[in-house]
Amino acid sequence: MRTHRFLTLITASTLLLAACGVGGDSGDSKSATNLTWASTGGQFQEDEKNALQVPFTAKTGTTFTNISPAEQSQVKTMVAAGKTVWDLANMSWIYAGAYCGQLFEKLDDPALDRSKFPPGTTGDCFVPTYRYANVFSYNADLYPGAKPTSIKDFFDTRKFPGKRVVYDYPKAGLIEAALVADGVAPDKLYPLDLDRAFKKIDTIKSSLVFAPSYGAIQQMLVDKQAAMVITVTARTIVSAQSGANLVPVWDFNTTDIGVLVIPKGAPHKALAQQMLAFVTEPAQSVAYAKLTGTAPARPEVDLNTVGYTDIQKKFNAFLPDRGTEIEQDKQWWIANTDALTKRWTSWKVG
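What you see is a predicted model, and the numbers here were worked out from it, not measured in a lab.

Reading the values: the criteria
- Residues numbered from 1 in each chain as written.
- Predicted model: local features only at pLDDT ≥ 70, side-chain atom pairs only at ≥ 80, totals over all residues.
- Heavy atoms only, no water.
- Helix = DSSP H or I, 4+ residues; strand = E, 2+ residues; numbered from the N terminus.
- Expected span 1.5 Å × (residues − 1).
- Bend = angle between axes of the 7 residues up to and from the residue.
- Buried < 20%, exposed > 50% of the residue type's maximum accessible area, 1.4 Å probe, protein only.
- Polar contact = N/O pair within 3.5 Å; in protein donor to acceptor, adjacent residues only side chain to side chain.
- Disulfide = S-S within 2.5 Å.
- Pairing = 2+ DSSP bridges.
- Core = buried A, V, L, I, M, F, W, Y, C linked by side-chain atoms within 4.5 Å.
- Contact = heavy atoms within 4.5 Å.
- Right-handed = clockwise from strand over helix to strand, strands pointing away.
- Phe/Tyr/Trp six-rings, centres within 6.5 Å; stacked < 30°, edge-to-face > 60°.
- Lys NZ or Arg CZ within 6 Å of the ring centre and 35° of its normal.
- Arc of directions from axis to C-beta.

### Some remarks on helix H12 (residues 330–349)
Note: α-helices contain 3.6 residues per turn, so residues at a spacing of three or four share the same orientation.
Link 1 in the chain: Look at H12: 28 Å from first C-alpha to last across 20 residues, which is about the 28 Å you get at 1.5 Å a residue.
Link 2 in the chain: At Asn336, H12 shows its largest kink, close to 60°.
Link 3 in the chain: Those residues of H12 that sit buried are Lys330, Trp332, Trp333, Ile334, Thr337, Leu340, Trp344 and Trp347.
Link 4 in the chain: Among the residues of H12, the N-terminal cap falls to Asp329, whose side-chain oxygen and the backbone nitrogen of Gln331 are separated by 3.2 Å.

Here you go:
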């Protein structure tokens, strides 16, 4: 009887482990070749599927489970519970930098060689998967006479009246633009003089619209409710494709990166890192850039090989003769975002 009870317990334990996928081949053999990918949804995620996931599946057999949205709060909840189910997430590098090793995995695959990427665009928990700019442009229909030609014009409501729309987040390019418009040399921007920046932005505060989403920015531009905008490359392109008669101003723009990060405790960290390395290879980065109008992460990729459309070329900050571009300082933003976001929120309602 005792032996029977012992064997019964062993059998029950074995079945339980098998159900959890532990212990050799008893689990779901497909799970080791399936990555769960969290992203933004919509066309952006469709572009990720077509340019990045489909060729990786063809090469390795790995399949993907796509979910959205990808939010920092979800990562925190999963990690705290010890039940991380995402392998890759498209979200800000600020989170990966601020919580590297705590909520996000450090990248240790040799294929993710930091020297392949532009200086200042990598961290222990992230490498860039594409590059974009915070583009300043104006609606030509609303300025039939004199045209804006510099970032100073964004802050000149007397000469160039009209609403200016920006994404409601301090890292969206407005703060750096304010400082350069106020006379700060672009190569001397960091550390950002926030008092000076907010003082400059105060001069146009009544003309600023803080959009809650990129979709809202697009709608305002198409409907001619805003005369000027500072927003990301892809959304500028889509707004122009949707009917907004936008003209970019290449006097000064900030540039930034998009990343895929690996949440702490991801079920397939090694495979996820292989996917990251694959994403940044020229073939995939070119395919993704062609769909989105963004730029490949690795500078050796010739932009002439991308096959951009005319409208994508019009708003691409990384083509020659595009004025002054400054990469947003990753370490400064990682260290200061929380405090600056609180100040930004308080300032808006003050």
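Next comes the rest of the write-up.
### Focus on the state of the cysteines
Link 1 in the chain: Applying the stated criterion across every chain, the model contains one disulfide.
Link 2 in the chain: One disulfide bridge connects Cys100 with Cys125, the sulfur atoms lying 2.0 Å from each other. Taking the sign of the S-S torsion, 85° for the link of Cys100 and Cys125, the bridge is right-handed. Placement of the pair is Cys100 in the loop between helix H4 (93–98) and strand E4 (128–139) and Cys125 in the loop between H4 and E4, with a sequence separation of 25 residues. Here Cys100 and Cys125 have matching classes, each one buried.

### Here's the deal with the pairing of strand E5 (residues 164–167)
Link 1 in the chain: Here four bridges tie E5 to strand E6 (residues 208–211), and the two strands are oriented parallel to one another. Bridge pairing links Val165 to Val209 in E6.
Link 2 in the chain: In this structure, E5 lies alongside strand E7 (residues 228–232), joined through three bridges in parallel fashion. Across the sheet, residue Val166 finds its bridge partner in E7, namely Ile230.

### Here's the deal with the nonpolar core
Link 1 in the chain: Ile151, Phe154, Phe155, Leu174, Leu189 and Leu192 are the most contacted members of the largest nonpolar core, which totals 56 residues.
Link 2 in the chain: Contributions of two or more residues to this core are made by helix H3 (72–81), H4, E4, helix H5 (174–181), helix H6 (194–202), E7, strand E9 (252–261) and H12.
Link 3 in the chain: Ranked by residues supplied to this core, first place goes to H5 with seven residues.
Link 4 in the chain: In this structure Leu189 touches Glu176, Leu179, Val180, Val184, Phe252 and Ile326, once residues within four positions along its chain are discounted.
Link 5 in the chain: Counting residues in each nonpolar core, the second largest holds 26 residues, with Trp37, Leu88, Val232 and Tyr288 among its members.

### What to know about the pairing of strand E2 (residues 63–67)
Link 1 in the chain: Taken together, the five bridges between strand E1 (residues 34–38) and E2 define a ladder with parallel strand orientation. Bridging across to E2, Leu35 finds its partner in Phe64.
Link 2 in the chain: In the classification by handedness, the crossover that spans E1, the intervening helix H2 (residues 42–60) and the parallel E2 is right-handed.

### Quick notes on unusual backbone geometry
Link 1 in the chain: In this chain, Ser68 is followed by Pro69 through a cis amide linkage whose omega measures 0°.
Link 2 in the chain: For the bond running from Tyr190 to Pro191, omega is 0°, close enough to zero to count as cis.
Link 3 in the chain: Within the fold, Pro191 resides in the loop between H5 and H6.
Link 4 in the chain: At Lys224, a residue that is not glycine, the phi angle is positive and equals roughly 60°.
Link 5 in the chain: Looking at where Lys224 falls in the secondary structure, it is placed in the loop between helix H7 (214–222) and E7.
Link 6 in the chain: Overall, Lys224 belongs to the partly exposed group, its relative accessible area being 45%.

### Looking at the packing of aromatic side chains
The geometry of an aromatic ring pair comes down to the distance between the two centres and the angle between the two planes.
Link 1 in the chain: Per the counting criterion, the structure on display carries 19 aromatic pairs.
Link 2 in the chain: On the basis of an interplanar angle of 80° and a centroid distance of 5.6 Å, the ring pair of Tyr143 and Phe160 is categorised as edge-to-face. Placement of the pair is Tyr143 in the loop between E4 and E5 and Phe160 in the loop between E4 and E5, with a sequence separation of 17 residues. When sorted by exposure, Tyr143 lands in the same class as Phe160, which is buried.
Link 3 in the chain: A cation over an aromatic ring shows up here: Lys205 above the ring of Trp347, its NZ or CZ 4.5 Å from the ring centre.
Link 4 in the chain: Against the face of Phe210 rests Lys348, its NZ or CZ located 5.8 Å from the ring centre.

### Some remarks on H3
Link 1 in the chain: Along H3, the positions that sit buried rather than exposed are Gln72, Val75 and Met78. With its buried residues spanning 125° around the axis, H3 presents them on a single face. Exposed and facing more than 90 degrees away from the buried side of H3 are Lys76, Thr77 and Ala80.
Link 2 in the chain: Contact partners of the buried residues in H3: H4.
Link 3 in the chain: Backbone geometry just after H3 places Gly82 at a positive phi near 70°.

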